[in-house]
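Notes for the structure review
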Amino acid sequence: MDTELLKSLPLGTSSFEALRNFNEIYVDKTRYIHCLASRRGKFFLARPRRFGKSLLISTFESLFKYGLRDFHGLEIEKLWKEDKNYQVVRLDFSEVKSFRNIKEFDLQFHDLIVEAFAPYGFRFELYGTSLISQLSTWFKKQPLSSVVLLIDEYDAPLTACLDRKELFEDVRIELSRFYATLKSNDAALHFLFITGITKFIRTSIFPELNNLSDISFAAEFGSLLGYARQEVKKYFLGYLTSASEKLGLDRERLLKELTDHYDGFCFEETAKQKVFAPWSLLHFFSSPERGLKQYWFESAGKPNVLVKFLHSHTLKEPEEYGSGKSLALKVLGGSSDVENLSDIELLVQAGYLTIKKIQGTTAYVDYPNLEVRTAMDQLYLEKC
């Protein structure tokens, strides 16, 4: 099959508007989008890197800003009844992670806030009160339920200084003031959605966010990010056929190989839904002749939080993690205390371990697939 006749792969595309305008493949997740966006609420979602968190944030942004403009032909087109456009503020905290001291952090954070809120009339008065105080004043002037706030990679500034306790505490305090402002101006917020890798949320780090709905392990949203097997067969059938022809493999045999290498991630508490890593699958389809490479580890296998954690912690031999480790489900689904974060918890959050089965109140975790098992070997060798 000629791949030139197929829709383009969404490789590295984190803008929903761009993806739709360039007619790239979009695996329709809008039934989940509708389920969340139709509620007035505050949500938190943790996922490993390269699972599409930024694209999800961008999808919410498009929906709340422009309604159904970019959603032609998608499931939500028949579901969405809203005719109101909101003031949508998007903050990408990964832009605030290269700082050496609290002064540099303050400058970067200040610029991010001012630029993001400026389109809706926020102006920082240099000789006035603090940035947070002025932002609180702006919120109080907004109509009820008129602001949509989308925060991507909320934990990036914290994990950037995880190994420097004094700086970490200073950054935590500054961010805590920002979240306290959101809580005290709740009336203006229509929808708040926060993503990250780690689950420091709702712990002693940010007690102000104790009213968030954590959907990270909710069965309802287990396939919100990542590609389910049926989605792969539906949306990438042409690429499956093309790759099988190039490699001389039967299509079902190829799908099994892809399943063994890139599938198996489970993000929900019933342990029934498995998804493929999008980054690995898309890169394979773009160059199947290269074979089943370690795409996820090369791009996302060493998130900053894991690197910082390993500065002061020892990694066990890979075989130990691959023997069906267990932990309490409430620990896995709860928030992490930065002071007592275990290697198992962190490896689950980073994507190295995933839920395999649930028995009562116990979760059993293991490597999701061959790619990650190999990645763990490589990570261990690099740390030895």
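Residues numbered from 1 in each chain as written. Predicted model: local features only at pLDDT ≥ 70, side-chain atom pairs only at ≥ 80, totals over all residues. Heavy atoms only, no water.

1. Re the layout of surface pockets
Rules: Cavities and pockets were defined on a 1 Å grid built from protein atoms only: a cavity is a group of points that admits a 1.4 Å probe but offers it no way out, a pocket is an open group of points flanked by protein on both sides within 12 Å along at least five of seven lines, and a lining residue is one with an atom within 4 Å of any such point. Grid points are joined across faces, edges and corners, and a volume is the space filled by probe spheres set on the points. The secondary structure listing takes helices from DSSP runs of H or I that are at least 4 residues long and strands from runs of E that are at least 2 residues long, numbered from the N terminus. Residue type decides the class: Asp, Glu, Lys and Arg count as charged, Ala, Val, Leu, Ile, Met, Phe, Trp, Tyr, Cys and Pro as nonpolar, and the leftover types, Gly among them, as polar.
In this structure, the largest pocket encloses a volume near 850 Å³. Considering the residues around the largest pocket, the lining is formed by 38 residues, among which Arg50, Phe51, Gly52, Lys53 and Ser54 are closest to the centre. For the lining of the largest pocket, the elements supplying multiple residues, two or more each, are α3 (53-66), α6 (156-159), α11 (278-286) and α13 (304-312). It is α3 that provides the largest number of residues to the lining of the largest pocket, a total of five residues. The residue inventory of the lining of the largest pocket, partitioned by class, reads 19 nonpolar, 10 polar and nine charged.

2. Considerations on empty space enclosed by the protein
A complete count under the given rule lists three cavities of 30 Å³ or more for this structure. Reported here for the largest cavity is a volume of approximately 110 Å³. Of the residues contributing to the lining of the largest cavity, the split by class is eight nonpolar, three polar and two charged.

3. Points about the side chain of Lys53
Rule in force here: Any residue under 20% of the maximum accessible area for its type is buried, any over 50% is exposed, and the rest in between are partly exposed; the area is computed with a 1.4 Å probe on protein chains only. Polar contact is defined as a pair of N or O atoms within 3.5 Å, subject to the rule that within protein one atom must be able to donate a hydrogen and the other to accept it, and that residues adjacent in sequence are counted only when both atoms are side-chain atoms.
Among the structural elements, Lys53 can be located in helix α3. Judged by relative accessible area, which is 4%, Lys53 ranks as buried. Among the polar contacts made by the side chain of Lys53, one reaches the main-chain carbonyl oxygen of Arg47 at a distance of 3.2 Å.

4. With respect to the sheet that holds strand β1 (residues 41-46)
Using the following cut-off: A pair of strands is labelled paired if DSSP reports no fewer than 2 bridges between them. The contact definition used throughout considers only heavy atoms, calling two residues in contact when any of these lie within 4.5 Å. Here the axes come from fitting lines to C-alpha atoms, over the contacting stretch only for helices, and the angles between their N-to-C directions go from 0 to 180 degrees.
With respect to topology, five strands assemble into an open sheet ordered β2-β3-β4-β1-β5, the strand pairing being parallel. Strands with a single pairing partner mark the edges of an open sheet, and in this sheet they are β2 (87-92) and β5 (213-214). The pairing of β2 with strand β3 (residues 147-152) spans six bridges and is classified as parallel. Its bridge partner lying in β3, Val89 is registered against Leu149. Here helix α4 (residues 102-117) sits on the sheet and contacts β2 and β3; the angle it forms with β2, its principal contact strand, is near 155 degrees.

5. A short note on α11
Among the nine residues that make up α11, eight are buried, leaving the element largely enclosed by the rest of the structure. For α11, the set of buried residues is Pro278, Trp279, Ser280, Leu281, Leu282, His283, Phe284 and Phe285.

6. Describing the packing of aromatic side chains
Here is the rule: Stacked, edge-to-face and tilted labels apply to pairs of Phe, Tyr and Trp rings (six-membered ring for Trp) whose centres lie within 6.5 Å, assigned for plane angles under 30 degrees, over 60, and everything in between, in that order. Placement of a positive charge over a ring is assigned whenever Lys NZ or Arg CZ falls within 6 Å of the ring centre and within 35 degrees of the normal to the ring plane.
Inspection of every chain in the model, using the stated rule, returns 31 aromatic pairs. An angle of 65 degrees between the planes, with centres 5.3 Å apart, marks the rings of Phe99 and Phe105 as edge-to-face. No difference in accessibility class separates Phe99 from Phe105, as the two residues are buried. Note on Phe105 and Phe109: the rings are 5.6 Å apart at their centroids and 10 degrees apart in plane angle, and the pair reads as stacked. Of the two residues, Phe105 and Phe109 are both situated in helix α4; the distance of four residues between them amounts to about one turn of the helix. Under the relative-accessibility criterion, Phe105 is labelled buried at 0%. Of the residues examined, Phe109 reaches a relative accessible area of 5% and is grouped as buried. Aromatic ring contacts, followed pair by pair, group Phe43, Phe60, Phe64, Trp80, Tyr86, Phe191 and Phe193 into a single cluster. Above the ring of Tyr66, the side-chain terminus of Arg69 is found at 3.8 Å from the ring centroid. Note that Lys357 overlies the ring of Tyr364, its terminal NZ or CZ placed 5.0 Å from the centroid.

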